[in-house]
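Architecture at a glance
Chain by chain, the residues run as shown.
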Amino acid sequence: MVIEGTIRSLLASDYQNYEIIVVDDGSKDRTSEIVREKFGNDDRVYLITTTNIGKAAALNLGLRHARGGVVIALDADTLFVPQTIGALAHRFYDSQLGAIAGNAKVGNRINIVTRWQALEYITSQNMDRRAFASLNCITVVPGAVGAWRRDLLDQVGGFPADTLAEDQDLTLQIRRLGFKIGYEENAIAWTEAPDSLRTLAGQRFRWAYGTLQCMWKHRDALFRPRYGALGFIAMPNVWIFQILFPLISPVMDLILVYTLISAGLDRLQQPAEYTFTNLRQVLFYYALFLAIDWTAACFAFLLEKQERWRLLWWLFLQRFCYRQVMYYVMIKSVAMAVRGALVGWGKLERKATAEAQP
């Protein structure tokens with residue numbers, strides 16, 4: 001449902017010297033048939049079909065056929081704007097740049113779940129990459145829009161298959177070789193996000209489990225001076241804010257709810273002796289947290305060109321409700337990791353609802 005739109009967005013690129021490799025990894029739909037039917041006469045499009053061999057193996061199969069010195073990866077449901085390929089490619093004039101992350105945005109803002117994710121991409125993921133790019137410690141070049149120096153991919157053996165977050169694993173490997181990982185805000189890609197809490201939880205479980213795998217695999221880089229900000233800032237940030245904080249943040253919400261209920265009961269039971277001191281303190285610090293959160297979100301929107309500010313109205317509800325989903329996801333991920341259970345890549349149903357936003 002999505003492959004034709006994705007390829008047409010690539011063919012509309014204002015960059016000239018590129019090839020498009022489509023890897024059909026044992027799809028049971030009409031992916032290969034559509035590619036042959038719509039693009040069989042275009043020598044820029046090369047189709048590879050194989051049995052289902054897994055995401056990393058399929059990427060490496062495509063890599064073996066790629067002829068360029070720069071390899072750009074994107075998902076089959078992602079739409080590039082015309083300047084994206086050129087914006088990524090030109091950055092590799094810096095010989096010390098190993099990989100570059102693009103600017104992923106949610107292209108199917110059709111309900112509250114996808115709007116929450118659009119907010120998250122703007123105020124969290126892309127904001128983090130901007131900050132970490134200045135310190136050369138980006139931990140993930142996203143699979144939806146990322147570019148890699150070909151010789152480095154060959155050097156590390158291609159996309160790794162031993163974690164569920166092959167993009168993060170590969171990013172850490174290249175950074176540990178001493179190369180820079182950059183961010184290009186003009187390399188915009190519109191991607192199709194999960195449109196229900198069930199599919200969102202499934203996707204984020206894979207992300208969270210893959211992150212745990214990568215952090216454990218590269219744990220020897222933590223607090224190592226030779227890796228600079230990667231070991232002292234970025235990796236601790238992942239452990240604290242992507243793993244630990246989602247586990248405890250819902251407790252903060254429960255404490256607020258408990259305080260409000262307790263204060264209400266005390267007021268009813270002892271109206272003459274009741275004091276608002278404790279409640280005022282809790283509400284003050286919670287309001288302070290929200291104010292800081294809103295300020296940071298507004299700053300993130302200032303950095304995003306032509307982004308829709310009305311998304312900010314969803315921020316409070318997104319912060320409160322989203323945490324419960326992430327809490328479930330991280331608890332499940334940690335439990336599976338402790339058990340040593342085998343986790344597969346899974347399948348996300350595509351609906352072709354993403355479109356490039358004006």
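Below is a summary of the structure that appears in this document. Throughout, residues of each chain are indexed from 1 in the direction in which the sequence is written. Note on the predicted model: pLDDT of at least 70 is required for a residue's local features to be given, and 80 or more for side-chain atom pairs to be given and counted; whole-chain, interface and lining totals, by contrast, use all residues. Side-chain numbers come from the whole structure's heavy atoms, not from hydrogens or water.

**As for the packing of helix 5 (residues 112-134) against helix 11 (residues 315-339)**
- Whenever a helix is involved, its axis is fitted only over the stretch in contact; in every case the axis is a line through C-alpha atoms, and angles between N-to-C directions fall within 0 to 180 degrees. The secondary structure listing takes helices from DSSP runs of H or I that are at least 4 residues long and strands from runs of E that are at least 2 residues long, numbered from the N terminus. At a minimum axis separation of 10 Å, helix 5 and helix 11 run at an interaxial angle of 95°. It follows from the interaxial angle that helix 5 and helix 11 lie roughly perpendicular. Here Ile-112, Trp-116, Gln-117, Leu-119, Glu-120 and Thr-123 of helix 5 lie close against helix 11, whose contacting residues are Leu-315, Leu-317, Gln-318, Arg-319, Cys-321 and Tyr-322. Here the word oblique covers every angle except those under 35 degrees (roughly parallel), over 145 (roughly antiparallel) and from 65 to 115 (roughly perpendicular). The contact rule is simple, with two residues in contact once any of their heavy atoms fall within 4.5 Å.

**Focus on the sheet that holds strand 7 (residues 180-191)**
- Here a strand pair is declared whenever DSSP counts at least two bridges between the two strands. Spatial strand order, 3-6-5-7-4: five strands in an open sheet with mixed pairing. The sheet is open, and its two borders are formed by strand 3 (70-73) and strand 4 (79-80), each paired with just one other strand.
- Sheet contacts for helix 7 (residues 166-176): strand 5 (97-106), strand 6 (146-149) and strand 7; angle to strand 6, the most-contacted strand, approximately 40°.

**Observations concerning the packing of aromatic side chains**
- Working definition: a ring pair exists when centres of Phe, Tyr or Trp rings (six-membered ring for Trp) sit within 6.5 Å. Plane angles under 30 degrees give stacked, over 60 give edge-to-face, the rest tilted. Tallied over the full model, the rule gives six aromatic pairs.
- Geometrically, the ring pair formed by Phe-241 and Phe-245 is tilted, given 6.3 Å between the ring centres and 50° between the ring planes. Within this pair, Phe-241 and its partner Phe-245 are both found in helix 9 (residues 229-269), separated by four residues, close to a single helical turn.
- Seen from their ring centres, Phe-284 and Tyr-285 are 5.2 Å apart, and the 70° between their planes marks the pair as edge-to-face.
- Over the ring of Trp-216 we find Arg-219; its NZ or CZ atom is 4.1 Å from the centre of that ring.
- Any Lys NZ or Arg CZ that is within 6 Å of a ring centre and within 35 degrees of that ring's normal is treated as a charge sitting over the ring. Across the ring face of Phe-205, the terminal group of Lys-332 is positioned such that the distance to the ring centre comes to 4.5 Å.

**A look at helix 11**
- For a helix, the expected span equals 1.5 Å multiplied by the number of residues minus one. An ideal rise of 1.5 Å per residue puts 36 Å on 25 residues; helix 11 measures up with 35 Å between its terminal C-alpha atoms.
- Turning to helix 11, its buried residues are Leu-315, Gln-318, Arg-319, Tyr-322, Arg-323, Val-325, Met-326, Val-329, Met-330, Ser-333 and Met-336. Three exposure classes are used, based on accessible area relative to the maximum for each residue type with a 1.4 Å probe and protein chains only: buried under 20%, partly exposed in between, and exposed over 50%.

**Focus: unusual backbone geometry**
- Of note, Asn-136 is a non-glycine position whose phi angle comes to about 55°, a positive value.
- Structurally, Asn-136 is set in the loop between helix 5 and strand 6.
- If you check the backbone angles, Phe-223 has positive phi at about 60° while not being a glycine.
- Following the sequence through the fold, Phe-223 ends up in the loop between helix 8 (197-217) and helix 9.
- Taking the relative accessible area as the measure of exposure, Phe-223 reaches 48% and is therefore partly exposed.

**Considerations on the pairing of strand 2 (residues 45-50)**
- Two elements, strand 1 (residues 20-25) and strand 2, share six bridges in a ladder whose sense is parallel. Bridging across to strand 2, Asp-25 finds its partner in Thr-50.
- Handedness of the crossover joining strand 1 and strand 2 through helix 2 (residues 31-39): right-handed. Convention used here: a crossover is right-handed provided that the path from the first strand, over the helix, to the second strand proceeds clockwise when the strands point away from the viewer.

**Observations concerning the pattern of salt bridges**
- Take a side-chain nitrogen of Lys or Arg and a carboxyl oxygen of Asp or Glu: if they are within 4 Å of each other, that pair is a salt bridge. Tallied over the full model, the rule gives 21 salt bridges.
- Taking the shortest distance from any N to any O, the salt bridge between Arg-204 and Glu-120 comes out at 2.9 Å. Placement of Arg-204 in helix 8 and of Glu-120 in helix 5 is noted, with a sequence separation of 84 residues between them.
- Since its relative accessible area comes to 4%, Arg-204 is described here as buried.
- A residue is classified by how much of its surface remains accessible, and Glu-120, at 13% relative accessible area, is buried.
- Salt-bridge contacts for Glu-185 lead to Arg-130; the nearest nitrogen and oxygen are separated by 2.9 Å. Residue Glu-185 is found in strand 7, and its partner Arg-130 is found in helix 5; the two are separated by 55 residues along the sequence.

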